[in-house]
2 protein chains.
Amino acid sequence: MTHRAMNFNAGPAGLPLEALEETREALLDLDHTGIGVLEHSHRGAAYERVHQEAQGHLRALLGLDEAWSVLLLQGGASQVFATLPMNFLKPGQRALYAVTGGWGEKALEEAQRLGDAVDVTPMAKQYRRIPAAAEHRVEAGAAYLHFTSNNTLEGTQYDAFPTGGGAPVVCDMSSDILWRPTDLSGLSMVYAGAQKNIGPSGLVVVLVRRDWLAEARRDIATIFRFATHDANGSLYNTPNTFAVYLTRCILRNLLRDGGLAEAERRNRAKAARLYSALDAEAGFYTLPVERPHRSAMNVVWRLGSPELDARFVKEAEREGMFGLKGHRSTGGIRASLYNAVTLGDVEALAQFVTAFARRNG
Amino acid sequence: MTHRAMNFNAGPAGLPLEALEETREALLDLDHTGIGVLEHSHRGAAYERVHQEAQGHLRALLGLDEAWSVLLLQGGASQVFATLPMNFLKPGQRALYAVTGGWGEKALEEAQRLGDAVDVTPMAKQYRRIPAAAEHRVEAGAAYLHFTSNNTLEGTQYDAFPTGGGAPVVCDMSSDILWRPTDLSGLSMVYAGAQKNIGPSGLVVVLVRRDWLAEARRDIATIFRFATHDANGSLYNTPNTFAVYLTRCILRNLLRDGGLAEAERRNRAKAARLYSALDAEAGFYTLPVERPHRSAMNVVWRLGSPELDARFVKEAEREGMFGLKGHRSTGGIRASLYNAVTLGDVEALAQFVTAFARRNG
């Protein structure tokens, strides 16, 4: 039995053991073909089945019909926020960005390299909250409104999604896609790097309405047009076949184990357990995020000093808990509680949170 | 013992068993960390070591000093030939393309979407040969000269590389990088999708001279600037950590087993064995490529009819040999003999080639 650490990494993050074990077998031999999953042609029947299933599971989990294109691409969320304005920001138009964290800042910056784009929710750079719907200064006639549903760095999360005042709404859902049943009917595009709440790195999921795709610019490189990948079923060029395989296994098991309703129940229980342990020692731990905007995926806090933060991380590692060091841009502590993190792991962390405070408080 | 087929796929292609087995172990536990290779942060020490080693092995195999940047990116060769002109084709300049096959055509097309680019080796579309150096109509003052060292579809391969008449020379080496010791001193950039002669899909290697990088355009999306990835050691965004790990294992073993000199000896023996079996039945098999331009990596031939081609493929599969069907654009038969294909596999195929001809000739 392999020893497995408790993994609270922000992404790449822990993955479900069952899917990893299935993938191990497929590395040398996919479905008794005598050929490993990496060694099959992406144009052959064995891989195509995997590819279709991964897309089908995403449709099933998120209730997406054929009005939506489901794309499995390379380059991560960073590449999608670069190609988004290439596809959808036309000369004379303005793109709106609800910047609520560091990743939103980067997305806006890339749009501004290309055309007219503005932040419609200017707020304090500490990003301790999510603006209310009315605080989004949406203008008529915009190319689109972009927002980040969950801020991985700052630990904030949207509950209700903003509306675009008629403009298509685009969501970077990298760190909270599939965390609960999600109504995408108000959105025109969703994208998510897989390495947080889906699967391994090297894969980004793009969900986009086909009627909006039809309006996209055609004068950009073929490979950067989302329409190219839609027309080719995400097989325009060789995909990351390994990542698609593992994702297929993870999504299939997620469906089998109760789907997103059950995922939400588990995720809410995990977040509640950890936040309550932290709140119970409120004199010792500081939680920067305003309570209604706390993320269920990324829980951030800090101790009295950077030295104490470091000791917390070090002692947690000694007890088998890894990935707790905050992002280099924010410092402090961060525990990411993505779908693959078990309630048992969170229970262990919560108990450590309590014990550490009592020992050092 | 897992049954393993003989795999002549053109890419994704067969991979060395030893590296696959090492990777299987790392999926659940990388270097006794209790955390699988996919689950480590790309900013952590365990993954960073892997990342550095993969780059170091490429430097060692190809004799690259610090004048070269060694990048491990996503998006495959198709993305690189789209971003190449974005980086290096400036207004008022012309890019030269030595188009010797279908992939070169696509690369030229992407450059033409963006600026002025021309084919400097116009030739018959069957692409049965490689033009001589003097046939490359190189003009002074060009942005760069692009060529494809090995044509995966057509089965042709450059022996001596063309020169750019002063312009930087860029090579798509996707299907024959690392096949033999290669002098890159006449080139300014090399790129290669990993899934042919290196490792798994989802990774593309870009080797580029830093002095040329310094001249690249800065007014494009951050993620599409090769300079961004050079400045960040290919960790600007989350890399395909799995593919880098497996590539690291494959390259390390390649170095251990005699490096590129030994690879060349094996690859030449493999190609000689198969071509000689085919030539011995020259009435039965048609080899379209002119002899001096035959590829050692992709051997293409056809039988008397598409029906006979199909029977050849089917009967070969019954004997455990897969991936022999020619590309959908060319038809016929293709056997790819990348580094991971063993001499034993080729011996079996050569014997089948002979026996099939005698049974059906």
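The structure presented is a predicted model; accordingly, all values stated were derived computationally and were not measured.

A. Up close: the overall build of chain A. Of regular secondary structure, chain A possesses ten helices and 13 strands. Its C-alpha radius of gyration of 21 Å places chain A within 12% of the 21 Å reference for a compact globule of 361 residues. Once the C-alpha set of chain A is aligned to its principal axes, its extents read approximately 60 × 55 × 30 Å. In chain A, which comprises 361 residues, the proportion classed as buried is 63%. A sequence separation of at least 24 residues applies to 66% of the contacts in chain A between residues at least 6 apart. On chain A, roughly 13200 Å² of surface is accessible, and the fraction owed to carbon and sulfur atoms is 50%. Taken as two groups, the 39 positive and 40 negative side-chain charges of chain A have centres that lie 3 Å from each other.

B. Structural detail: the side chain of Asp29 of chain B. By secondary structure assignment, the location of Asp29 of chain B is in the loop between helix H1 (17–28) and helix H2 (45–62). Despite its burial, Asp29 of chain B pairs with no opposite charge; the closest candidate is Arg4 of chain A, at 7.6 Å N-O. Separated by 3.4 Å, the side chain of Asp29 of chain B and the backbone nitrogen of His32 of chain B make a polar contact. Here Gly34 of chain B takes part through its backbone nitrogen, which lies 2.7 Å from a polar atom of the side chain of Asp29 of chain B.

C. Representation of the pattern of salt bridges within the structure. All names here are of chain A. Scanning the entire structure with this criterion turns up 55 salt bridges over all chains. The shortest N-O distance in the salt bridge between Arg256 and Glu18 comes to 2.8 Å. Pair noted here: Arg256 is in helix H7 (residues 241–256) and Glu18 is in helix H1 (residues 17–28), with a separation of 238 residues, a long-range link. Arg256 sits in the partly exposed class, given a relative accessible area of 48%. Overall, Glu18 belongs to the partly exposed group, its relative accessible area being 43%. Of the charged contacts, one joins Glu264 and Arg268 as a salt bridge, the two residues approaching to 2.9 Å between their closest N and O atoms. Of this pair, Glu264 and Arg268 both sit in helix H8 (residues 259–279), four residues apart, which is roughly one turn of that helix. Assessed through its relative accessible area of 41%, Arg268 is described here as partly exposed. Residues joined by salt bridges that share partners form a network here, namely Arg59, Glu66, Arg210 and Asp230.

D. Summary view of the packing of H1 of chain A against H7 of chain A. Residue and element names in this part refer to chain A. Between H1 and H7, the shortest axis-to-axis distance is 9 Å and the interhelical angle comes to 140°. If you check the angle between H1 and H7, you find them oblique. Taken as a pair, H1 and H7 cross one another with a handedness that is right-handed. Between H1, through Glu18, Ala19, Leu20, Glu22, Thr23, Ala26 and Leu27, and H7, the contact on the second element is made entirely by Phe242, Tyr245, Leu246, Arg248, Cys249, Ile250, Arg252, Asn253 and Arg256. A breakdown of the residues in the contact of H1 with H7 according to their chemical character gives nine nonpolar, two polar and five charged.

E. Up close: the relation of the copies chain B and chain A. After a rotation of 180° and a shift along the axis of 0.0 Å, chain B superposes on chain A with an RMSD of 0.0 Å. Taken together, the turn and the small shift mark the pair as related by a two-fold rotation axis. Within chain B, Arg24 of chain B has its C-alpha nearest the rotation axis, a separation of 2.7 Å. Most of the interface of chain B is mirrored in chain A: 100% of its interface residues are interface residues there too.

F. Inspection of the environment of Ala98 of chain B at higher detail. Residue and element names in this part refer to chain B. Here Ala98 is to be found in strand S3 (residues 94–98). A relative accessible area of 1% places Ala98 in the buried class. Here the alpha-carbon distance between Ala98 and Tyr144, two residues 46 residues apart in the chain, equals 11 Å. Aside from chain neighbours lying at most four places away, what touches Ala98 is Asp119, Val120, Thr121, His136, Leu145, His146, Phe147, Thr148 and Tyr158.

G. Expanded view of the domain arrangement of chain A. Residue and element names in this part refer to chain A. By the assigned domains, chain A splits into domain 1 (17–256) and domain 2 (259–360). Spacing between the C-alpha centres of domain 1 and domain 2 amounts to 27 Å. With 23 residues of domain 1 at the interface, the matching set in domain 2 holds 25 residues. At the boundary of domain 1 with domain 2, total buried surface from both sides reaches about 2100 Å², with 55% on carbon and sulfur atoms. Among the residues domain 1 hides against domain 2, the three largest losses belong to Arg128, Leu153 and Trp179. Together they make up 29% of the total. Where domain 1 meets domain 2, there are one salt bridge.

H. Local environment of the sheet that holds strand S4 (residues 116–119) of chain A. Residues and elements named next belong to chain A. The mixed open sheet is built from seven strands, whose spatial order is S2-S10-S9-S8-S5-S3-S4. This sheet does not close on itself; its edge strands, each paired only once, are strand S2 (68–73) and S4. Within the sheet, the average angular offset between the axes of one strand and its neighbour, ignoring direction, is 15°. Relative to strand S8 (residues 169–172), strand S5 (residues 144–148) is paired through four bridges, and the arrangement is parallel. Bridge assignment links His146 to a residue of S8, and that residue is Val170. Relative to the sheet, helix H2 (residues 45–62) contacts S2 and strand S10 (204–209), its axis offset from that of S2 by approximately 130°. The strands that helix H3 (residues 76–88) touches are strand S3 (94–98), S5, S8, strand S9 (189–193) and S10; relative to S9, the one it contacts most, it runs at about 155°.

I. Fine view of unusual backbone geometry. Put simply, Gly11 of chain A and Pro12 of chain A share a cis peptide bond, and its omega is -5°. With respect to the secondary-structure elements, Pro12 of chain A resides in the loop between strand S1 (6–7) and H1. A positive phi angle, close to 60°, is found at Ser234 of chain B, a residue other than glycine. Mapped onto the secondary structure, Ser234 of chain B falls in the loop between helix H6 (226–231) and helix H7 (241–256).

J. Up close: the side chain of Arg334 of chain A. All names here are of chain A. For Arg334, the location among the structural elements is in strand S13 (residues 333–336). In this structure, Arg334 is buried with no salt-bridge partner, the nearest side chain bearing the opposite charge being Glu154 at 7.3 Å. Here Thr152 takes part through its backbone oxygen, which lies 2.7 Å from a polar atom of the side chain of Arg334. Those residues in contact with Arg334 that lie beyond four places of it in its chain are Phe8, Ala10, Thr152, Leu153, Asn298, Val299, Val300, Gly323, Leu324, Lys325, Gly326 and His327.

K. Region of interest: the interface of chain B and chain A. Each partner contributes to the interface: chain B provides 63 residues, whereas chain A provides 63 residues. Each partner contributes to the roughly 4800 Å² buried at the junction of chain B and chain A, and carbon and sulfur atoms together form 54% of this total. Looking at the side of chain B facing chain A, the largest losses of area belong to Arg24, Leu28 and Glu39 of chain B, adding up to 16% of the total buried there. Along the contact surface separating chain B from chain A lie four salt bridges. Counting residues per element, the ones that place at least two in the side of chain B that touches chain A are H1, helix H3 (76–88), helix H4 (102–114) and H7 of chain B. Here the side of chain B that touches chain A takes eight residues from H1 of chain B, the largest share from any one element. Of the residues that constitute the side of chain B that touches chain A, the class distribution is 23 nonpolar, 27 polar and 13 charged.

L. Structural detail: H2 of chain A. All names here are of chain A. For H2, built from 18 residues, the straight-helix expectation of 26 Å at 1.5 Å per residue is met to within 8% by its first-to-last C-alpha distance of 26 Å. Along H2, the residues that are buried comprise Ala46, Tyr47, Val50, His51, Ala54, Gln55, His57, Leu58, Arg59, Leu61 and Leu62. The inward-facing, buried residues of H2 contact S2, S10, helix H5 (210–213), H7 and H8. Where H2 terminates, the next one or two residues include Gly63, which has phi positive at roughly 65°.

Reading guide: rules and limits
- The numbering scheme is per chain: residues are counted from 1 as the chain's sequence reads.
- Whichever chain is written first is A, and whichever ligand is written first is 1; the rest continue in order.
- Since the coordinates come from a predicted model, pLDDT governs what is reported: local features require at least 70, and pairs of side-chain atoms require 80 or more to be given and counted, while whole-chain, interface and lining totals use all residues.
- For the side-chain quantities, the full set of heavy atoms in the structure was used; hydrogens and water were omitted.
- Segments assigned H or I by DSSP are reported as helices when at least four residues long, segments assigned E as strands when at least two residues long, and all are numbered from the N terminus.
- Within these notes, the globule rule equals 2.2 Å times the number of residues to the 0.38 power, and the radius of gyration is based on C-alpha atoms.
- Only protein chains enter the accessibility calculation, which uses a 1.4 Å probe; a residue whose area is less than 20% of its type maximum is buried, one above 50% is exposed, and one in between is partly exposed.
- Any two residues whose heavy atoms approach within 4.5 Å at even a single point are treated as in contact.
- Accessibility throughout is a Shrake-Rupley quantity obtained with a 1.4 Å probe, and a residue counts as covered only by protein chains that appear here.
- Only four residue types enter the charge count: Lys and Arg as positive, Asp and Glu as negative, with His and the chain ends excluded.
- To locate a charge, the coordinates of NZ of Lys, CZ of Arg, CG of Asp or CD of Glu are taken.
- What makes a salt bridge here is a side-chain nitrogen of Lys or Arg within 4 Å of a carboxyl oxygen of Asp or Glu, nothing more.
- Any pair of N or O atoms that falls within 3.5 Å is considered a polar contact. Within protein, one atom must be able to donate a hydrogen and the other to accept it, and sequence-neighbouring residues count only if both atoms are side-chain atoms.
- Only the stretch in contact is used when a helix axis is fitted, and all axes are lines through C-alpha atoms; the angle between N-to-C directions ranges over 0 to 180 degrees.
- Note that the term roughly parallel is reserved for angles under 35 degrees, roughly antiparallel for angles over 145, roughly perpendicular for angles of 65 to 115, and oblique for everything else.
- Should the near helix be turned anticlockwise from the far one by less than a right angle, the crossing is left-handed, and should it be turned clockwise, the crossing is right-handed.
- Basically, the charged four are Asp, Glu, Lys and Arg, the nonpolar ten are Ala, Val, Leu, Ile, Met, Phe, Trp, Tyr, Cys and Pro, and anything else, Gly included, counts as polar.
- Only residues with pLDDT of at least 70 in both copies contribute their C-alpha atoms to the least-squares superposition of the copies.
- Domain start and stop positions are those given by an automatic or database domain assignment.
- Buried area is understood as the total, over both parts, of accessible area removed when two parts are fitted together, assessed with a 1.4 Å probe.
- Strands qualify as paired when DSSP identifies two bridges or more between them.
- Multiplying one less than the number of residues by 1.5 Å gives the expected span of a helix.

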